[in-house]
Amino acid sequence: MSRKTIKVDYLARVEGEGGLSIKMKDDRVVDVQLRIFEPPRFFEAFLQGRSFMEVPDITARICGICPVAYQMSSCHAMESIAGVQVDGMLRELRRLLYCGEWIESHALHTFMLHAPDFLGYPDAIQMAKDHPDLVKLALRLKKHGNDIMVRLAGREIHPINVRVGGFYRVPTRQELLSLVDDLKWSRDAAREAVEALAGLPFPEFEQDYEYVALRHPDEYPFNEGRLVSNKGLDIDIADYDQHFVEVHVAYSSALHSRLKKRDNYHVGPLARYNLNFDRLPSSVKKIAKAHKLEPPVNNPFRSIAVRGLETLFAVEEALRIIESYEPPPLPYVEVVPRAGTGHGCTEAPRGILYHRYTLDDNGIVLDARIVPPTSQNQKTIENDLWRFVEQGIATNMEHDLLAHTCEQAIRNYDPCISCSTHFLKLDFEQV
């Protein structure tokens, strides 16, 4: 009888603190634990007692990489309670802001955190010695995403110009047109990036996932739509709690989110792409087909190339919105608070981000629930690792290479560990 353990005490190139433990017995995997030990940060608890107008500014502090997603999900939830619909140019500006976040987040993860795995480097600094042009492209692309966020939201980290109902201030047409030249460069850069990413060496590994994402009748999803899957799910956002549940696992400070009837599921770029390919503009679909990236794409390692395609889409969508932009007469729709429970779900770069709030008559938060993408993907990541290690053992993969590729498999999902920890209420019983 032989026993082996693959152990990664601290995961590199992910946001937050986590580790990995895989136990094997007689060349069989017997346990996989993606351990998240990032301390709980109590956001759901200290939102209670705050005004509904404060929530977007508070939730933006949950993540420095995808603050827009937190702001948008919270705004949609509050507006649903008040019965308010934000449309027209204000709605377009929200999509533009999301474009900025997708560009900067995808560029960061794709090139600085994930590409070193495929090219054989421990980090982006070492990679830059041999691939300086690629790193410079990534940094400039990220900057142009940040520029959109600054122009619309006041700053790239923890934006301050977003409010329930819209914005505190909207840009002039000239302010947005000043971004066009850089975005045209970004469009060419993103096309070049897709070509490079599609040609990376991908491990042979495909899974039968249940993909879950928003789906809109007319658009590739950012802010709105129904929650759908490739295995029959098709629900309104307000019905989220009837179909999904979070459970505590003893080895992690982050909850695992599961479908009540079918267990784990997959959110993020692969889910959006496989469920919404027909909503992409023809220019993006053409490039996808040229690089043999038509759906279904069921190899999670190829998600790096799908992120490249989503970056290209975000750049093209930003250009479309800017070119047709005319400032709305008011920067926001008035939202009058009332008692009720509201739901919001938008597509963060890493996948669906669900918010639920209950307010009293004065708009004071009585209860808050936030389910980030990483907690929704944790069980799927563990399943990937289980099957990948079994495959690696069967093909006699060297132990060190197997351990490294397991880390790479986790980074397929761009896990934001800092976002995924909740406050857990513990009940002790003396017996």
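Below, the structure is looked at part by part. Numbering of residues starts from 1 in each chain and follows the order in which that chain's sequence is written. With pLDDT at 70 or above as the cut-off, local features in this predicted model cover only qualifying residues; side-chain atom pairs require 80 or more to be listed or tallied, and sums for whole chains, interfaces and linings still use all residues. Calculation of side-chain values draws on the structure's entire complement of heavy atoms; hydrogens and water are dropped beforehand.

Moving on, we come to the overall build of the chain. Only DSSP runs of H or I with at least four residues qualify as helices, and only runs of E with at least two residues qualify as strands; both kinds are numbered from the N terminus onward. A count of helical and extended segments in the chain gives 14 helices and 13 strands. Using C-alpha atoms as the atom set, the radius of gyration is obtained and then compared with a globule rule of 2.2 Å times the number of residues to the power 0.38. Relative to a compact globule of 431 residues, whose C-alpha radius of gyration would be 22 Å, the chain shows 21 Å and is just as compact. As presented, the chain carries roughly 17400 Å² of accessible surface, and 50% of it is formed by carbon and sulfur atoms. Positive charge is attributed to Lys and Arg, negative charge to Asp and Glu, and no charge count is given to His or to the chain ends. Where a charge lies is defined by one atom per residue type, namely NZ (Lys), CZ (Arg), CG (Asp) and CD (Glu). If you average the places of the 51 positive and of the 61 negative side-chain charges in the chain, the two averages end up 1 Å apart. Only the protein chains shown count as cover for residues, and the accessible areas themselves come from Shrake-Rupley with a 1.4 Å probe.

It is worth spelling out the nonpolar core at this point. Here, the term nonpolar core denotes a set of buried Ala, Val, Leu, Ile, Met, Phe, Trp, Tyr and Cys residues that are joined through side-chain atoms within 4.5 Å. Partly exposed describes any residue whose relative accessible area lies between the buried limit of under 20% and the exposed limit of over 50%, with all areas from a 1.4 Å probe on protein chains only and scaled to the type maximum. In this structure, M78, L96, Y273, Y357 and L385 are the most contacted members of the largest nonpolar core, which totals 118 residues. The residues contacting Y273, other than those within four sequence positions of it, are Y220, L280, A288, L293, E294, P295, V297, V306 and L309. By size, the runner-up hydrophobic cluster in this structure holds 15 residues, among which are L233, Y240, I352 and Y354. By the convention used here, residues are in contact when the closest approach between their heavy atoms is within 4.5 Å.

Below, the discussion takes up the packing of helix α4 (residues 88-119) against helix α6 (residues 132-153). Closest axis-to-axis distance for the α4/α6 pair is 8 Å, and the angle between their directions is 155°. For the element pair α4 / α6, the angle class is roughly antiparallel. Classified by chirality, the crossing of α6 by α4 is left-handed. All residues other than Ala, Val, Leu, Ile, Met, Phe, Trp, Tyr, Cys, Pro, Asp, Glu, Lys and Arg, Gly among them, are scored as polar; the first ten of these are nonpolar and the last four charged. Residues of the contact of α4 with α6, tallied by class, amount to 19 nonpolar, 3 polar and 3 charged. With axes taken as lines fitted to C-alpha atoms, and helix axes fitted only over the stretch in contact, angles between N-to-C directions fall between 0 and 180 degrees. Comment on the angle field: the value is read as roughly parallel under 35 degrees, roughly antiparallel over 145, roughly perpendicular from 65 to 115, and oblique elsewhere. Helix crossings are classified by the rotation of the near helix relative to the far one: an anticlockwise turn of less than a right angle makes the crossing left-handed, while a clockwise turn makes it right-handed.

With respect to the helices and strands, the residue R411 is situated in helix α14 (residues 399-411). Looking at R411, the relative accessible area reads 2%, which means it is buried. Polar side-chain contacts of R411 include one of 2.8 Å to the side chain of D117. For this analysis, a polar contact is any N or O atom pair within 3.5 Å, provided that within protein one partner can donate a hydrogen and the other can accept it, and provided that sequence-adjacent residues contribute only side-chain to side-chain pairs.

To continue, consider the state of the cysteines. In what follows, a disulfide is any cysteine sulfur pair within 2.5 Å. Per the counting criterion, the structure on display carries 0 disulfides. Note on C63: no disulfide assigned, nearest cysteine sulfur contributed by C66 at a separation of 3.3 Å. For C63, a relative accessible area of 3% gives the class buried.

Reading across the sheet, the 3 strands line up as β11-β12-β13 and stay open at both edges, with antiparallel pairing between neighbours. With partners counted over all chains shown, the strands left at the sheet margins are β11 (340-348) and β13 (365-371), one partner each. Here the average twist between neighbouring strands, direction ignored, is 15°. Pairing between strands is defined by DSSP: at least two bridges between the two strands are required. Examined bridge by bridge, β11 and strand β12 (residues 351-359) share 9 bridges and lie antiparallel to one another.

It is worth spelling out the packing of aromatic side chains at this point. The geometry of an aromatic ring pair comes down to the distance between the two centres and the angle between the two planes. Stacked, tilted and edge-to-face are the three classes assigned to paired rings of Phe, Tyr and Trp, where Trp is represented by its six-membered ring and a pair needs centres within 6.5 Å; plane angles under 30 degrees give stacked, over 60 edge-to-face, the rest tilted. Scanning the entire structure with this criterion turns up 16 aromatic pairs. With a centroid separation of 6.3 Å and 80° between ring planes, the pair formed by F205 and F301 is classed as edge-to-face. With a gap of 96 residues between them, F205 in the loop between α8 (180-198) and β6 (212-215) and F301 in the loop between α11 (282-290) and α12 (303-323) connect regions that are remote in the sequence. You'll find F205 and F301 in the same group, each marked buried. For the ring pair Y209 and Y211, a centre distance of 5.6 Å and an interplane angle of 50° mean the geometry is tilted. The residues Y209 and Y211 share a single accessibility class, namely buried. Whether a charge sits over a ring comes down to the Lys NZ or Arg CZ being within 6 Å of the ring centre and within 35 degrees of the ring normal. One Lys or Arg, R140, reaches over the ring of W185 and ends 4.0 Å from the middle of that ring. Over the ring of Y332 we find R163; its NZ or CZ atom is 3.6 Å from the centre of that ring.

Contact geometry for α8 and α12: axes closest at 9 Å, N-to-C directions at 160°. Classified by the interaxial angle, the pair formed by α8 and α12 is roughly antiparallel. As for how α8 packs across α12, the hand of that crossing is left-handed. Seen from α8, the contacting residues are V180, L183, K184, S186, R187, A190, R191, V194, L197 and A198; seen from α12, they are I304, A305, G308, L309, T311, L312, V315, E316, A318, L319 and I322.

Turning our eyes to something else, we now look at the pattern of salt bridges. For this document, the term salt bridge refers to a Lys or Arg side-chain nitrogen within 4 Å of an Asp or Glu carboxyl oxygen. In this structure the tally under the stated criterion is 28 salt bridges. E175 is the partner of R169 in a salt bridge, and the nearest nitrogen-oxygen pair spans 3.0 Å. For R356, the salt bridge goes to D367, with nearest N and O atoms at 3.1 Å. Here R356 is found in strand β12, whereas its partner D367 is found in strand β13, with 11 residues between them in sequence. Relative accessible area serves as the criterion here: at 27%, D367 is assigned to the partly exposed category. Here the salt bridges share partners, and the residues they tie into one network are R91, E92, R95, E219, E224, E317 and R320.

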